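The primary structure of each chain is shown beneath.
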Amino acid sequence: MRAKGAEMPGKDCVKVAVRVRPFNKRERDAGGRCIISMASSIITIQDPRNSQSPRSFCFDYAYWSHSGFTRDCSGLYVPEEPGGRYADQGSVFQDLGEGILENALQGYNATLLAYGQTGSGKSYSMVGYGPNKGLVPTLCDKLFQAIRANQDSRQCQVFFSMLEIYNEQVVDLLSRGSRSPGGLRVREEQQRGFYVEALRRVPCDSAPQVEQLMEQGTRMRTTATTHMNANSSRSHMLIILQLKQIFSEESITKQSNINLVDLAGSERQRVSGSEADRLKEGTAINLSLTTLGNVISALADVAVGKKVVHIPYRDSVLTKLLQSALGGNSRTVMIAALSPADICYEESISTLRYAERAKRIQNRAVVNESPTERLVKELKAENARLLQRLSRLGQEGRRAEDETKELRRLLTHNELQIRAIQTLWEQHLQEALKDWEQQYATITQERRMMQMHPYILNINEDTQLSGVVKLFIQEGEWDIGLSDSSPRSISIRGLGIQERHAVFINVQRRVYLTPLAGSNVIVNGTPISQKTELQHLDRLILGSNSTYLFIGYPSERGGDDWSRYDYDYFQSELAAAEGINLHSLCDSSAVPSQTDPSLLAVFYDYIKLMPMVAEANQMSQELHKGVEFKLEIKNLALSDSKGHDLEKEIAVRVTSLENKQVWLWSKAKFVNRKFLMEELYQQHHTERKGEGAARAPMPRDRDPFWDPLEPLLLGSAHLWLQSLAFRIALEEQLEVLGSEGTEEAILQAQLLPCSHTGLTLGEDDILIDPSELLGKRLDFQLVLDQCCGLRWVQQARNRGVQIGFRMFDSAQPLYTPAVWHNVNPLLDQRVHFTSLHTSQGLLEHLQTSALVLELWGLQEGCRDLVSSLEGVRMTPEGCFIIDHAGATETATTVDPGSELSCSLRALQQDVEELRNTNAALKTENNTLRDQLNTTRTGAEWGRGRSERRGSSLRPSCDAEFARALKVFYHSMTSVRVQLQRLRRHRPSEESDLLGLRLFVDEQGGLLRDFSELLEQSVSSLKQDVAAIVRRKRERSGIWS
């Protein structure tokens, strides 16, 4: 069922438990693979990209909740077999919750921390769902059971508080008043430590009352996150249960705080060194988690004996409030929640490392005595002394009237204080009961309305916050928006919500939704602009990202399962409307179980960033930034030099609407900027409401909406190198494809085999067998003639372009000079490459690979890309040397001070060429002398002629065969282009049956064209070869 490690030692170390949840719907649909295994208390995780190096971790408790369970008739998840390995909610509470409860009853402070990425199961373990109650509600049940069981020996008082920390602001989730600007303040006292000033403490005397307060706090949290434009997965939620136990007979009081903390999602950004943002990362929104990690690391170092100068408790609000839980006066348990899926490997390994550090922390827990009860005891003791004094005065007969009055006044005052302290609890409890009755009446009214009217309920990224807000649509017309002035208005908050956003019309048991001018309304993934009838379970998005599920009249509901319409469903529906889904990213022939995990990660990154992009666009609009954000999938249609698809990534295209300037941000950079935008937006929102002093305009270099301009990769084209292996010249018109498959330009390029002096080789130099190049020198030129139809410059004439490329094993990429303001610029670039001793590696590269020509876009104010010659080798003639494996003996490295060496080598090469010419002339002279001698006799002359003609037959046939190969390779270029077009041709996601038929017809036409081109090329080669063979036989027959 569960694996248990070593028992908790005498010293109060933080106990750490790890729980592995089942696959969620997203992971099941994607065919996720489990990469986590468990043996006893040891957790092992495998890297899906390198299964040979698993990592193992050991913890106090390890819970396997991934598989081996079933659901009983009451809805509880239980092990399939008695004694099975599945750990249910009860077993988790037995190990963790009972220990926390026992510590609290003994008078110790106790803390439970839940940590893990968003969606890893933290909330399920903490709160639970339906009959599967989590640690918090079960702990409350058991607490009040223990109170009732011991009510004869002690009087118990329980206070409940609930708060949220977001962006370093503390929000009281039980507050009855308006939220104060900047949130509640965190104060410090010597006795209490850090505490939240003015945090509401609600007395409770039953578990249902606590559950009602939790529901009230959750409702407040949902409203607050919507109003603040906050992401609930980036906020921390704290529940504080204060337990006071008054033991009358022993005249002592024990007081303990139970802190139940649901930490923010621990998502880890996939970033590389090149994606660092110029603006500081780890903003206030991320500060709490970052500081918590620093505190845990420092305390872990202290535990192993390292000298730590400073533990940064004061660096964030969260760590201030958790100081007693981490290294202080508390007994602490951390539960780390894990996803078992391969696509969550980065987050899971990060969580395990975090938990491993936390288990080393040592606390110093002590039993707590309440200062208030100490005051009661002191007052009683003082009263006893006063009574003794009165008695002594009476016995001695020296009673003074004035002293007696003073003593009786003090006695009466002390008794009133004692009575006030003891009755304060009852008064607080009565007030809380009145609030509870009002809340209960509200809930009863809401349930009655649910059985009478249709309504919309909120859907949140955090499942615990979904379904909390219900907005009822009664008969007639109802305005929905920010305004609440009309009695027939439904007030909502959120980015992009107008004063009057839309109108609901409920007439004759039909509900219609009509968007008003300028408002964004989406129904089932499709924007609407006119009156639309709503159906039961329709999905609504109002404004930027206010998501609601429409629930029809009770007669329409039936037994539908509403749980599948979660936040991911809404975003996936939006993505599908944009043509983005798993099928469009993956090969349509691949089955889900064979889908590349990296593609799944890209898809889920896309749907996760969609609402963030919508919110960023809305903030840009309200702040008048004039910037538009758009999601892109990098490398969607691009491939490497071998023709293999490049790894796909999410990027955000940022466009200035005024001057058409463009940036391309990585996912990590955009997420960081989004947090900074939220801070800026909150400041603007506060100033607009008059709650804060106006700030000076933000400098441009600190503006999260702006960045310095950099060159942008617009697309790439492939120039296949196979013709060079046969020393055949190649001239191509290449299609430059953008990241998403759009045609960015046509590039005219040539590959010209040449001599070392740059003279183009002729047909007589064509090779039939490429292996003849091995060990020999190979020279060729890359010629870039012109770029036509530049879409980048068509969009804005003040732009320019450069072409970049890297040949074989070149140390640095080379770039052409920038050309500006021209849609069809002449490039006229010629680069000479040399392999001094052609290796097998270069030969294989030429026959199987392409030269990737990258098109880079430039903008005014943007620096040009410059070719770096660091580490580049060149010949004295200025030719770039490639194939360094074969060039180590004769290559020279570019050095400004090596002119003498270059001249010497040039002279040596000239001498060598003269020697070769001399030897050739000697050979030719000897041949002519031999021919002259053969003319002396007729018979000898005839034989000599026959031999010479026969010897000239082979070169003639080889030249004809080389020409035939040249024609064949040129025709195969067209075949390759047609094949690429076939690979990119896919049906539209919205295609109906007629559209699919048209697609099949188009696909058939493309296949026919491809087949005809291929057959024509092969047939032409066969005919040419047959003609060459036939001519060879004819000549052989004539001259024989």
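In short, a report on the structure. (Residues numbered from 1 in each chain as written. Predicted model: local features only at pLDDT ≥ 70, side-chain atom pairs only at ≥ 80, totals over all residues. Heavy atoms only, no water.)

1. Details of unusual backbone geometry
Peptide bonds are trans in most cases, and residues, glycine excluded, mostly fall at negative phi.
Argument step 1. For Arg509, which is not glycine, the phi dihedral falls at a positive 60°.
Argument step 2. Turning to its location among the elements, Arg509 is positioned in the loop between β26 (502-507) and β27 (510-515).
Argument step 3. Positive phi outside glycine occurs at His821, with the angle close to 60°.
Argument step 4. Position of His821 among the secondary structure elements: in the loop between β42 (819-820) and β43 (826-835).
Argument step 5. Look at His821 and you get partly exposed, because its relative accessible area is 45%. (Helix = DSSP H or I, 4+ residues; strand = E, 2+ residues; numbered from the N terminus. Buried < 20%, exposed > 50% of the residue type's maximum accessible area, 1.4 Å probe, protein only.)

2. Let's talk about the sheet that holds strand β33 (residues 627-634)
Argument step 1. Pairing in this open sheet of three strands is antiparallel, and the strands run β33-β34-β35 from one edge to the other. Looking at the sheet topology across the chains shown, the edges are occupied by β33 and β35 (662-666). Taking each pair of neighbouring strands and ignoring which way they run, the sheet shows an average axis angle of 25°.
Argument step 2. Sheet topology note: the β33/strand β34 (residues 649-656) ladder contains eight bridges and is antiparallel. Directly across from Lys630, in β34, lies its bridge partner Arg653.
Argument step 3. Running at roughly 100° to β35, helix α15 (residues 667-688) makes contact with β33, β34 and β35 of the sheet. (Pairing = 2+ DSSP bridges. Axes fitted to C-alpha atoms, helices over the stretch in contact; angles between N-to-C directions. Contact = heavy atoms within 4.5 Å.)

3. Section: the packing of aromatic side chains
Argument step 1. With the rule as written, the count across this model stands at 13 aromatic pairs.
Argument step 2. Ring centres 6.1 Å apart and planes at 5° place the aromatic pair Tyr61 and Tyr63 in the stacked group.
Argument step 3. Relative to Tyr354, the ring of Tyr115 lies with its centre 4.1 Å away and its plane at 10°, an arrangement referred to as stacked. With Tyr115 in strand β10 (residues 110-115) and Tyr354 in helix α8 (residues 345-358), this pair connects stretches of sequence that are 239 residues apart.
Argument step 4. A relative accessible area of 4% places Tyr115 in the buried class.
Argument step 5. Judged by relative accessible area, which is 7%, Tyr354 ranks as buried.
Argument step 6. A network of ring pairs unites the aromatic residues Phe629, Trp665, Phe670 and Phe705 as a single cluster.
Argument step 7. For Arg488, the ring lying beneath its charged end belongs to Trp478, and the centroid distance is 4.4 Å. (Phe/Tyr/Trp six-rings, centres within 6.5 Å; stacked < 30°, edge-to-face > 60°. Lys NZ or Arg CZ within 6 Å of the ring centre and 35° of its normal.)

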